[in-house]
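For reference, the chains in residue letters:
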Amino acid sequence: MDERRVRERGPAQWWHYGPPWWNLPDATGTRADADADADAGTGAGAGAGTHRPRLPWRSTVLLTVLVLVVSNFAAHAQPHREPLDPYARLLLLATCALLLWRHRHPVIVAFGTAALALVYLGAGYPYGPVFAAVAVACFSAVVAGHRRAAWAAIGMLWAGHLLISLWLYRWLPPPGDTGANPGQEVIIATWVLIIVAVAELVRLRREQWARERADRAQAARRRADEERLRIARELHDVLAHSISVINVQAGMGLALLDSDPEQARAALTTIKAASKEALGEVRQVLDTLRAPGHAPRAPAPGLGRLPELVEQAAGAGLAVAVTGESPALSPGADLAAFRIVQEALTNVVRHSGSRQARVRFEHGGGELRLRIDDDGPATGADAGGSGNGLAGMRERAAALGGTIEAGPRADGGFRVLAVLPLDDRDDRDDREDR
C-alpha cells in the first residue's frame, strides 16, 4: 500500500534524500561489500556481496582522455620538466586504468594511483592532471568507508613528493632542477586537504541519506503492521460476534425444527440478518485493502448502533440492559467503544451461562467509563474468552490512551471495565447541555 502511495504522489525529493541512483550497484557497490572491505582493511572483499558493481567505463575513459590531453598542455607550459615520452603516457594510462576498479577495490586503487603518480613525478615529468586520478581514487575510497586508507594514500603521495622536491631532486631528472620551496608544498597540502574534506562531506551526506531511507522504510513497515493489526481486530470483532449469534441461533433452530417450526423460522431469519451484516462489515474492511487512501463507502460503526447490537443479542437469547448515556465521541473512540461492547456481549453469549447482561455508561472528569457485567456462571475454563478478543479490546483502548480491566467478579459473574479519555471540548459541551 505504501509503495502505491509513493507512485501516486510521484518521485521523492531526491535533493533531500539523495538521488535514486546513488546506491545502485554500478555506482557504489553494495553495503555488504563496503562492510566487508572495512573489516578486512582492503578492497579485496568487494565480491563478498550478492551483487558486484559494474566497471565505470564511461567515466574512466572520459577522465583518461582529459588527463592525456591536459597533460600535453601542461608539458608545453613547463619546458624545464621532462617531455612526455611514451613511458610517461604509459604511466598516465596505467594510473587512469586503475580507476576502473575503484568501486570494487577502492583501497588498492587508492594506493596504486598514488604510487604511480609518485613514480611519474619522480621521473621528472610535468605536473598536471595526474593528481586528478589520485583525487578520484581517494574520493571513492572515502565515500566507500575506507577513510584511513584514503588518508594514508594521500599522505604517502605528499610525503614522497616532499622527499623528491626537497632532497632527491639532485639525483633525479630533470637535470638542473632546483627543487621546490616550502610555500609551494603548503599550497599542495592545502589542495590535498580540500579534496579530502570534500570527500568526507560527500560520505557524511551519503550516510545521512542511507539513514533517512532506512527510517522511512522502517516507518512504512510500522504503518503496514499497524494497518494489519487494525484489520485483524476489525475482522475478529465482526466475525466473532456474528458467528456466535449464528451458532446460537442455528442450535436453537435445530432443536425447535420439529417441535416449534415458527421459532425455528425466527432463528433462521436471525441467522440471515446476522450473516448479511457480517458480510457487509467484512466487505467494508476489505475495501480499505483494495483501494488504499480512499474514503470508506459506509461509515464506521459506533454507539449509535447499540440498539441494533442489543437486538442481535436478544435474538441469541441474551437480555441486555443499558443504563446511562454516552457523550459525543470522536469517530475513533466511538468505534472503539462499540467494538468493546460488542466483544464483551459476544463473550457472554459464548462463555457464560447467564442470559442477562448489563451495560453502563458513566462519564465525567474527561473520561468515559464503560462497564459490561454478567452474572455467570462460566460455561468453560475460558470464561473471559479465548484471549484474542480481550487483547483486541486492550489494544483499542491503549490506542486512545485508555485502559481495560476484565476478570471474574467476587459473586461469580464477569466484568469488563473500559476507561476511555474524552475530548475536553466534547465533555464540556455535554455538561452544558445537561
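**Some points on the confidence of the model for the protein**
Caution is warranted with low-pLDDT regions, since their predicted coordinates should not be read in detail. The predicted model of the protein has a mean per-residue pLDDT of 77, with 77% of residues at 70 or higher. For the protein, per-element mean pLDDT is lowest for helix α3 (residues 25-28), which scores 38, and highest for helix α6 (residues 86-97), which scores 94. Here residues 1-50 scores under 50 on pLDDT; set against residues more than four positions off or in separate chains, the count is 82 contacts. The low-confidence segment residues 425-432, where pLDDT is below 50, has seven contacts with residues more than four positions distant or belonging to other chains.

**Describing the sheet that holds strand β2 (residues 356-364)**
One open sheet accounts for five strands, arranged β1-β2-β3-β5-β4; its pairing is mixed. In the strand order of this sheet, the two ends are held by β1 (319-323) and β4 (403-408), each with one partner. Pairwise comparison of adjacent strand axes, ignoring direction, gives a mean angle of 10 degrees for this sheet. Here β1 pairs with β2 via five bridges, running parallel. Counted as the bridge partner of threonine 323 is arginine 360 from β2.

**Topic: the pattern of salt bridges**
One pass over the full model with this rule turns up nine salt bridges. Across the pair arginine 360 and glutamate 362 runs a salt bridge, and its minimum N-O distance is 2.7 Å. Of the residues examined, arginine 360 reaches a relative accessible area of 34% and is grouped as partly exposed. The partner of arginine 409 in a salt bridge is aspartate 411, and the shortest N-O contact between them spans 2.8 Å. Look at the salt bridges and you will find they share partners, linking Arg358, Arg371, Asp373, Asp375, Arg409, Asp411 and Arg415 into a network.

**Focus on a nonpolar patch on the surface**
The grouping of Trp57, Val61, Val65, Leu66, Val69, Val70 and Phe73 at the surface amounts to a nonpolar patch, some 680 Å² of accessible area in total. Of note, tryptophan 57 is situated in helix α5 (residues 57-77).

**Considerations on the packing of aromatic side chains**
All told, the structure shown has three aromatic pairs when counted by the stated rule. Feature note: the residues Tyr87, Tyr120 and Tyr125 constitute an aromatic cluster, connected by ring pairs.

**Looking at the packing of α6 against helix α7 (residues 106-122)**
Between α6 and α7, the shortest axis-to-axis distance is 9 Å and the interhelical angle comes to 165 degrees. Relative to α7, the element α6 lies roughly antiparallel. Regarding α6 and α7, the two cross each other, and that crossing is left-handed. Counted together, Tyr87, Ala88, Leu91, Leu92, Ala94 and Thr95 of α6 and Thr113, Leu116, Ala117, Val119 and Tyr120 of α7 form the full contact between these two elements. Its residues assigned to classes, the contact of α6 with α7 shows nine nonpolar, two polar and no charged.

**Description of helix α8 (residues 130-143)**
Across its 14 residues, α8 extends 21 Å between first and last C-alpha, which sits within 8% of the 20 Å expected from 1.5 Å per residue. With ten of its 14 residues buried, α8 lies for the most part within the structure. Buried residues of α8: Val130, Ala133, Val134, Ala135, Ala137, Cys138, Ser140, Ala141, Val142 and Val143, and no others. Phi turns positive one or two residues past the end of α8, at glycine 145, with a value near 105 degrees.

**Some words on the nonpolar core**
Among the nonpolar cores identified, the biggest contains 35 residues, and Leu318, Ile340, Val341, Leu345, Val359, Leu370 and Ile372 are the most heavily contacted of them. Mapped by element, the contributors of at least two residues to this core are α12 (306-315), α13 (331-351), β2, β3 (367-374), α14 (388-399) and β5 (414-421). Considering every element that reaches this core, the biggest residue donor is α13, with nine residues. Excluding residues within four positions of it along the chain, valine 359 makes contact with Val320, Ala321, Val322, Thr323, Val341, Leu345, Leu370, Arg371 and Ile372. Counting residues in hydrophobic clusters, the runner-up holds 29 residues, among them Leu63, Tyr125, Val134 and Val142.

**Thoughts on the pairing of β3**
Two strands pair when backbone bridges link them, and β2 and β3 are joined in this way by eight bridges, in the antiparallel orientation. Following the sheet pairing, histidine 363 is matched in β3 by leucine 368. Counted between consecutive antiparallel strands, the loop separating β2 from β3 contains two residues, among which glycine 365 sits at a positive phi close to 65 degrees. The sheet contact formed by β3 and β5 spans eight bridges and is antiparallel. Residue glutamate 367 lies in a different strand from β5, and its bridge partner there is proline 421.

**Notes on the environment of arginine 305**
The topology assignment puts arginine 305 in the loop between α11 (261-290) and α12. Taking the C-alpha atoms as reference, arginine 305 lies 8.0 Å from phenylalanine 338; in sequence the two are 33 residues apart. Here arginine 305 is in contact with Glu277, Glu281 and Phe338, once residues within four sequence places are set aside.

Each value, and the rule that gives it
- Residues numbered from 1 in each chain as written.
- Predicted model: local features only at pLDDT ≥ 70, side-chain atom pairs only at ≥ 80, totals over all residues.
- Heavy atoms only, no water.
- pLDDT = per-residue confidence, 0-100.
- Helix = DSSP H or I, 4+ residues; strand = E, 2+ residues; numbered from the N terminus.
- Contact = heavy atoms within 4.5 Å.
- Pairing = 2+ DSSP bridges.
- Axes fitted to C-alpha atoms, helices over the stretch in contact; angles between N-to-C directions.
- Salt bridge = Lys/Arg side-chain N within 4 Å of Asp/Glu carboxyl O.
- Buried < 20%, exposed > 50% of the residue type's maximum accessible area, 1.4 Å probe, protein only.
- Patch = residues over 30% accessible without salt bridge, like charges linked within 9 Å, V, L, I, M, F, W, Y side chains within 5 Å.
- Areas by Shrake-Rupley, 256 points an atom, 1.4 Å probe, with all protein chains shown as cover.
- Phe/Tyr/Trp six-rings, centres within 6.5 Å; stacked < 30°, edge-to-face > 60°.
- Parallel < 35°, antiparallel > 145°, perpendicular 65-115°, else oblique.
- Left-handed = near helix turned anticlockwise from the far one by under 90°.
- Nonpolar A, V, L, I, M, F, W, Y, C, P; charged D, E, K, R; others polar.
- Expected span 1.5 Å × (residues − 1).
- Core = buried A, V, L, I, M, F, W, Y, C linked by side-chain atoms within 4.5 Å.

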